[in-house]
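In case you want the letters, here they are:
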Amino acid sequence: MNFHEVRFPASLSFGSVGGPERRTDIVTLANGFEERNTPWAHSRRRYDAGLGMRSLDDIQTLIAFFEARQGQMSGFRWKDWSDYKSCAATAEFDKGDQVIGQGDGVTTEFQLVKIYASGGVSYVRPIVKPVLGTVKIGLDQDEAREGVDFEVDLNSGLIQFVVPPSEGVDVTAGFEFDVPVRFDTDRIQVSVASFQAGDVPNVPVVEVRV
């Protein structure tokens, strides 16, 4: 799959509308009860990039980015301003934000994840596009050193330790991350006159599996 490790301009994604979607198959039985099932293990996010456009210069930046990706052909990184950190939106991320695994003295590779919990139920979201220079890793109370104790694969979100964490040690992480997406259209239509009057183009963006 074509994927360009470049982020859609964050200043343009700010103000966009979007969020996660789920797919649920619902069958209503003859007695009125329902059977619900989902074929998706993970949610998929959708956004409208057009709402972040504020000037004709923004439109030109959008068109240049769109043309470089060849429309829907190549994926790219997207900053979801409502959910881009391992911690709460108003907090600073820290090495102890998310538990990503537990050492067993053998395993050296761990996947970055973010856990969403509510009402005693949780969803574990794999994080595959961490942001360069933001990943902090903790081993119980100690902070590991990137480039010395571990390496980060920015293309997959995998953490590779030089020495496997000891048995029973909690491996934790704090980080910022992007969402892997692509344009969900092969066409951008802009009317200069209507844009100056306050209209904006519709530029759908959808998350991709990588």
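One can find the structure itself at the top, above this paragraph.
Residues numbered from 1 in each chain as written. Predicted model: local features only at pLDDT ≥ 70, side-chain atom pairs only at ≥ 80, totals over all residues. Heavy atoms only, no water.

Chemist: Whenever I open this one, the overall build of the chain confuses me. Can you help?
Modeler: Along the chain, the regular secondary structure elements total 3 helices and 17 strands. Referenced to the eigenvectors of the C-alpha coordinate spread, the extents of the chain come out at roughly 65 × 55 × 35 Å. Relative to its full complement of 210 residues, the chain shows a buried share of 40%. Split by element, the accessible area of the chain, about 11500 Å² in all, is 49% carbon and sulfur. (Helix = DSSP H or I, 4+ residues; strand = E, 2+ residues; numbered from the N terminus. Buried < 20%, exposed > 50% of the residue type's maximum accessible area, 1.4 Å probe, protein only. Areas by Shrake-Rupley, 256 points an atom, 1.4 Å probe, with all protein chains shown as cover.)

Chemist: Just to check I follow, could you spell out the pattern of salt bridges for this structure?
Modeler: Close approach of charged atoms allows side chains of opposite charge to pair. Evaluation of the coordinates by the stated rule reveals 12 salt bridges. Measuring nitrogen to oxygen at the nearest pair gives 2.8 Å for the salt bridge that ties Glu5 to Arg77. Placement of the pair is Glu5 in strand S1 (residues 3-7) and Arg77 in strand S6 (residues 75-78), with a sequence separation of 72 residues. Residues joined by salt bridges that share partners form a network here, namely Glu5, Arg7, Arg77, Lys129 and Asp178. (Salt bridge = Lys/Arg side-chain N within 4 Å of Asp/Glu carboxyl O.)

Chemist: I keep staring at the sheet that holds S1 and nothing clicks. Help me out?
Modeler: Remark on secondary structure: sheet strands pair via backbone hydrogen bonds, oriented parallel or antiparallel. Across the sheet, which stays open at both edges, the 6 strands sit in the order S1-S6-S16-S17-S5-S2 with mixed pairing between neighbours. Sheet topology places S1 and strand S2 (17-21) at the edges, where each strand pairs with a single neighbour. In this sheet, adjacent strand axes meet at a mean angle of 30° when their direction is disregarded. When strand S16 (residues 179-183) meets strand S17 (residues 204-207), the two strands line up antiparallel, connected through 3 bridges. Bridge assignment links Arg182 to a residue of S17, and that residue is Val206. Helix H2 (residues 56-69) contacts S1, S6 and S16 of the sheet and is inclined by roughly 160° relative to S1. (Pairing = 2+ DSSP bridges. Axes fitted to C-alpha atoms, helices over the stretch in contact; angles between N-to-C directions. Contact = heavy atoms within 4.5 Å.)

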